[in-house]
Protein chains: 6
Amino acid sequence: MWKYEKKLQYPVNIKSNDLKFAKVLVTQYGGANGELGAALRYLNQRYTMLDDKGRALLTDIATEELGHVEMIQTMLSQLFANATIDEIKKAGLESHYAEHKKGFFPTDSNGVPFSVSYIATTGDAIADLEEDLAAEEKARAVYENLIDLATTDDIIGPLLWLRQREVVHYNRFKELLDEYREKR
Amino acid sequence: MWKYEKKLQYPVNIKSNDLKFAKVLVTQYGGANGELGAALRYLNQRYTMLDDKGRALLTDIATEELGHVEMIQTMLSQLFANATIDEIKKAGLESHYAEHKKGFFPTDSNGVPFSVSYIATTGDAIADLEEDLAAEEKARAVYENLIDLATTDDIIGPLLWLRQREVVHYNRFKELLDEYREKR
Amino acid sequence: MWKYEKKLQYPVNIKSNDLKFAKVLVTQYGGANGELGAALRYLNQRYTMLDDKGRALLTDIATEELGHVEMIQTMLSQLFANATIDEIKKAGLESHYAEHKKGFFPTDSNGVPFSVSYIATTGDAIADLEEDLAAEEKARAVYENLIDLATTDDIIGPLLWLRQREVVHYNRFKELLDEYREKR
Amino acid sequence: MWKYEKKLQYPVNIKSNDLKFAKVLVTQYGGANGELGAALRYLNQRYTMLDDKGRALLTDIATEELGHVEMIQTMLSQLFANATIDEIKKAGLESHYAEHKKGFFPTDSNGVPFSVSYIATTGDAIADLEEDLAAEEKARAVYENLIDLATTDDIIGPLLWLRQREVVHYNRFKELLDEYREKR
Amino acid sequence: MWKYEKKLQYPVNIKSNDLKFAKVLVTQYGGANGELGAALRYLNQRYTMLDDKGRALLTDIATEELGHVEMIQTMLSQLFANATIDEIKKAGLESHYAEHKKGFFPTDSNGVPFSVSYIATTGDAIADLEEDLAAEEKARAVYENLIDLATTDDIIGPLLWLRQREVVHYNRFKELLDEYREKR
Amino acid sequence: MWKYEKKLQYPVNIKSNDLKFAKVLVTQYGGANGELGAALRYLNQRYTMLDDKGRALLTDIATEELGHVEMIQTMLSQLFANATIDEIKKAGLESHYAEHKKGFFPTDSNGVPFSVSYIATTGDAIADLEEDLAAEEKARAVYENLIDLATTDDIIGPLLWLRQREVVHYNRFKELLDEYREKR
């Protein structure tokens, strides 16, 4: 089970008004390579890891990814917080407003709802860890795409930090995979 | 952010061998009215609640639902743990084995992958809370269906407990909704 | 069975040219909280209501919702009727034109195709009626979002009327639910 | 708009107990080639037919298909009506019961939820009518598959009648398409 | 099995810079009526054609459609090749860039991922060939929509050629269907 | 473009009658880790590889995977070829017959239609190649699951060969990825 701690893993404080960025940012919430998929992937796969160490690693990273989901949610929430209807129209977010007003939803940047078809669990620890390496690299790539599109430092800061975490996770998964491959 | 505590919210200890039950149980993980959808629904809606009390309530219940996800996962894991190929064939779980071996996946009981199309966020706190009441009642109904189908006490016990939690959550959401309706 | 009567439930006569509005309006046709989902939800659930009164109420409201589907379709049809390619491009509806020319399709405002994953039937009349209350409130909320985005009276008029019908339906479902709860 | 007439288009009165057949029958409700898809396809396409005659034909057939939806729903409802838990388990319908108890849902025979991805509207009357011909032939083929699988006359009777209606619709659409092709 | 020949079926050489067109063009790759769906439809249906001639025809046309997939991919690739971030933003393709950078993906023009729900195989050769006629007409219609939206000759040229191939395929399928209908 | 060669990459000749196996085998056609997804993944990603060598490798392996699709299709076709209605019922394939008669369809082993949500293209060659490594390992794992479930040598033979090809592809992708990582 989990305990909630009322604190973000890394501070988010968006004061600028790049509302349009919400449309692309949301993909790191509910897109194919986003944080929600990552958390669910590891939460599900952990039951077929080969040992306690493996199960603990996946639980640990999954729990951190839940915190990343919360960071992205907070960024989205701050972007929408003070937006007027006119600003929403100007940013091309009418479709968003029609569906969710100033709320938001786990979709990709085209508005396609999140589905677990993005993730896999084969019950084979080696195959699942290869999927995890791929997941971390794909998330890293998407963060880089977002950073290319971002225009203000209060957005770029958290994205750089989140991107870096993917690299750290990649390395931790790689280490476990190497160990498991040797054992096989 | 969240902290993981290595403990189930309610004990799960399945020793019986009703492997076939895994096929229906999984819907309370990844089905339309399952625990994963519940957790994500509240985690997403909390940003447009009307006050801190509302945000705290949704965070609180969402966090508990994550723990329920873990309970269902543990039940599935225990059901598969010692199954032989022959038992899997006898239980009609060949399709499951082909896809996930002794792992499992967030689907409904027909194997349809979980999607957030099951949940909604309108950005209107009243509408969202009505959705939450419906969610809790639907989850309660599905637990009752599962209990009708279950055959052993080590499965029925946790299901009864989980069913009861849905009733408690319904009442807490109802109280908040009544308060918000009055304020409107 | 049904008989078609060549008449709209409430008059629709759009002469203004807010083509862009078609992109958001379509969600009340094929979106998560739209009229098509409402009609199908009640048509499906009516078979497990507890008595003739319940079955009749759901049939009655479902039939009305089919008429609302037709109203939204008519609005979409009138918006597209005289549009030129240039106007379609200006309104940002190239994607729509590529797929459907001057026709339209049951999607949400992002173009995601309608699916019955948006609706539920648990076979439990209480749970299903709670879902219906939620559905009516969510549809009401979306109509309000659309009215916020609309700019001309010939569009706002029918939307206001449709919004009001959701409130009426909510009350009728509420009455039945209260009755069923007492009986239980 | 539509008026409901409390009468089936063709009588359905299933007294036999082939519960297992419900699992395949449901595809003519919510499957790729089922009656719901047919009704929605024509209801949507009618707005871009070339003349009143075309619009009237599609409205007419769509309205009849809604009545066919109701016939299939009634068949499903009668099959489930008196089933006990044991009979449901024997028929392999545990998954159904878990999700919908004695209700049912618009899915295909594998339990995949209905989606409008099965249907198309191009805004080109010729292309849409070709799609309608295909739809009627595919529905005819599926009815024949179902009749191959059915074992009792109270089920086969309505299926034969429904199959025949697809042939009639095919011919009516063909006539209109030929006329439109000549005009082009 | 197939052999790859490093050559396009018809030359594609886009030098103009109508990046915005990529957003609609992609539907002929991964949309409901696109080339990928066509190829897979025939590849799948060929196993239940009535004779070798039928199987050969479907294999032949499917193989050509794979080549059309490649042509559309090449067009997309050339459109993105030299685009700068600023041009991508100007063209309204931020969402695309966030997900795929300068790559692309089989979706419709709204970004909805390709699914085989767009295609059907009934196992009945007559019904399947009617579906194929419909497919070719719908693809023809979409090419015409795209040509309406296109602005430069280096794009319109290949689209005209591809449109024409749909007409040829329609005629070949029609001939086979007529033959099969007579035999029945 | 491609040329079809009327020959399987590896011989398939199923004479035994394990019809039930068709239900699981189909996942290597249209499931999350199946051959169709593999082929499309590489066909799509090749446009953003870093050099001709990379593009050629992905084209080459994609083309081979198309041949694997054909092998699985042939296996499915042979399994269904002589089945009677009684055998189909005995094997629990009524749902299959209702939808596709003796044809088949690209789904997973639960009947969920194939979608490209299973695959990714980030436009980043490193991330895409990691995804390819994962894909090959996951396909390998699923072949092993299928071999566990298979009972006759005429089925196991081709599966062993196909499994081995995944290992070969893994190694070829790994080599390219290592090269690209060094260059970065």
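Preceding block: the structure.
Remember, it's a predicted structure, so these values are computed and weren't measured experimentally.

S.K.: Tell me about the side chain of Glu131(B), and please be specific about residues and values.
M.R.: Tracing the backbone shows Glu131(B) in helix H7 (residues 125-149). With a relative accessible area of 5%, Glu131(B) lands in the buried category. In terms of polar contacts, Glu131(B) uses its side chain to reach the side chain of Arg41(B), at 2.8 Å. Other than its neighbours up to four places away in sequence, Glu131(B) contacts Arg41(B), Gln45(B), Ile119(B), Ala120(B), Ala134(C) and Lys138(C).

S.K.: So what's going on with the relation of the copies chain F and chain B? Residues and values would help.
M.R.: Mapping chain F onto chain B calls for a rotation angle of 120° and an axial translation of 0.0 Å; the resulting RMSD is 0.0 Å. Expressed as a symmetry operation, the mapping of one chain copy onto the other fits a three-fold axis. The fraction of interface residues of chain F whose copies in chain B are also interface residues is only 14%, indicating that the copies meet through different surfaces.

S.K.: Can you lay out the interface of chain F and chain B for me, pointing to particular residues and giving the numbers?
M.R.: At the junction of the two partners, chain F supplies 14 residues and chain B supplies 13 residues. For the pair chain F and chain B, the two sides together bury roughly 1200 Å², of which 49% comes from carbon and sulfur. When the buried area of chain F at its contact with chain B is split by residue, Asn110(F), Asn145(F) and Leu149(F) rank highest and sum to 43% of it. Notably, a salt bridge pairs Lys20(F) with Glu94(B), separated by 3.5 Å at the nearest N-O pair. Here chain F and chain B share seven residue pairs in polar contact (both at pLDDT 80 or more) between them. Secondary structure elements with two or more residues in the side of chain F that touches chain B: helix H1 (21-25) and helix H7 (125-149) of chain F. Counting residues per element, the side of chain F that touches chain B draws most heavily on H7(F), at five residues. Class assignment of the residues belonging to the side of chain F that touches chain B gives a composition of five nonpolar, five polar and four charged.

S.K.: Run through helix H4 (residues 52-81) of chain C, naming residues and quoting values.
M.R.: A rise of 1.5 Å per residue sets the reference length of H4(C), with its 30 residues, at 44 Å; its end C-alpha atoms lie 43 Å apart and thus fit the reference within 8%. For H4(C), the buried fraction is high: 22 of the 30 residues fall into the buried class.

S.K.: Let's hear about the packing of helix H4 (residues 52-81) of chain F against helix H8 (residues 153-183) of chain F: which residues, and what values?
M.R.: Residue and element names in this part refer to chain F. Two elements in contact, H4 and H8, have axes whose closest approach is 11 Å; the angle formed by their N-to-C orientations is 165°. Considering the angle they form, H4 stands roughly antiparallel to H8. For the pair H4 and H8, the crossing hand works out as left-handed. For the contact of H4 with H8, a count of residues per class yields 15 nonpolar, three polar and eight charged.

S.K.: How would you summarise the packing of aromatic side chains if you had to cite specific residues and measurements?
M.R.: The tally for this structure, following the rule as stated, stands at 36 aromatic pairs over all chains. Ring geometry for Tyr47(C) against Phe104(D): centres 5.3 Å apart, planes inclined by 50°, an arrangement best described as tilted. Highlighted residues: Tyr47(C) in the loop between helix H3 (35-45) and H4 and Phe104(D) in the loop between helix H6 (94-100) and helix H7 (125-149), drawn from two different chains. Across this residue pair, the class does not change: Tyr47(C) and Phe104(D) are buried.

S.K.: Which residues make up the relation of the copies chain A and chain B, and what are the values?
M.R.: To go from the first copy of the chain to the second, apply a rotation about an axis and then a shift along the same axis. Note on the identical chains: chain A maps onto chain B by a rotation of 180° and an axial translation of 0.0 Å, with an RMSD of 0.0 Å. Seen this way, the second copy is the image of the first under a two-fold rotation axis. The C-alpha atom lying nearest the rotation axis in chain A is that of Ser115(A); the distance is 2.0 Å.

S.K.: Quick one: what's the story with the interface of chain A and chain B, residue by residue and with numbers?
M.R.: Taken together, the contact between chain A and chain B spans 42 residues of the former and 42 residues of the latter. Summing the contributions of chain A and of chain B, the shared interface buries around 3700 Å²; its carbon and sulfur component is 61%. In terms of surface lost to chain B, no three residues of chain A exceed Met1(A), Trp2(A) and Tyr47(A), which account for 20% of the buried area on that side. Here chain A and chain B share four salt bridges between them. In this structure, Glu70(B) and Arg46(A) form a salt bridge, with 3.4 Å as the shortest nitrogen-oxygen distance. Our count for the contact surface shared by chain A and chain B stands at 26 residue pairs in polar contact (both at pLDDT 80 or more).

So, how was this worked out
Residues numbered from 1 in each chain as written. Chains lettered and ligands numbered in written order. Predicted model: local features only at pLDDT ≥ 70, side-chain atom pairs only at ≥ 80, totals over all residues. Heavy atoms only, no water. Helix = DSSP H or I, 4+ residues; strand = E, 2+ residues; numbered from the N terminus. Buried < 20%, exposed > 50% of the residue type's maximum accessible area, 1.4 Å probe, protein only. Polar contact = N/O pair within 3.5 Å; in protein donor to acceptor, adjacent residues only side chain to side chain. Contact = heavy atoms within 4.5 Å. Least-squares fit on C-alpha atoms with pLDDT ≥ 70 in both. Buried area = accessible area lost by both parts, 1.4 Å probe. Salt bridge = Lys/Arg side-chain N within 4 Å of Asp/Glu carboxyl O. Nonpolar A, V, L, I, M, F, W, Y, C, P; charged D, E, K, R; others polar. Expected span 1.5 Å × (residues − 1). Axes fitted to C-alpha atoms, helices over the stretch in contact; angles between N-to-C directions. Parallel < 35°, antiparallel > 145°, perpendicular 65-115°, else oblique. Left-handed = near helix turned anticlockwise from the far one by under 90°. Phe/Tyr/Trp six-rings, centres within 6.5 Å; stacked < 30°, edge-to-face > 60°.

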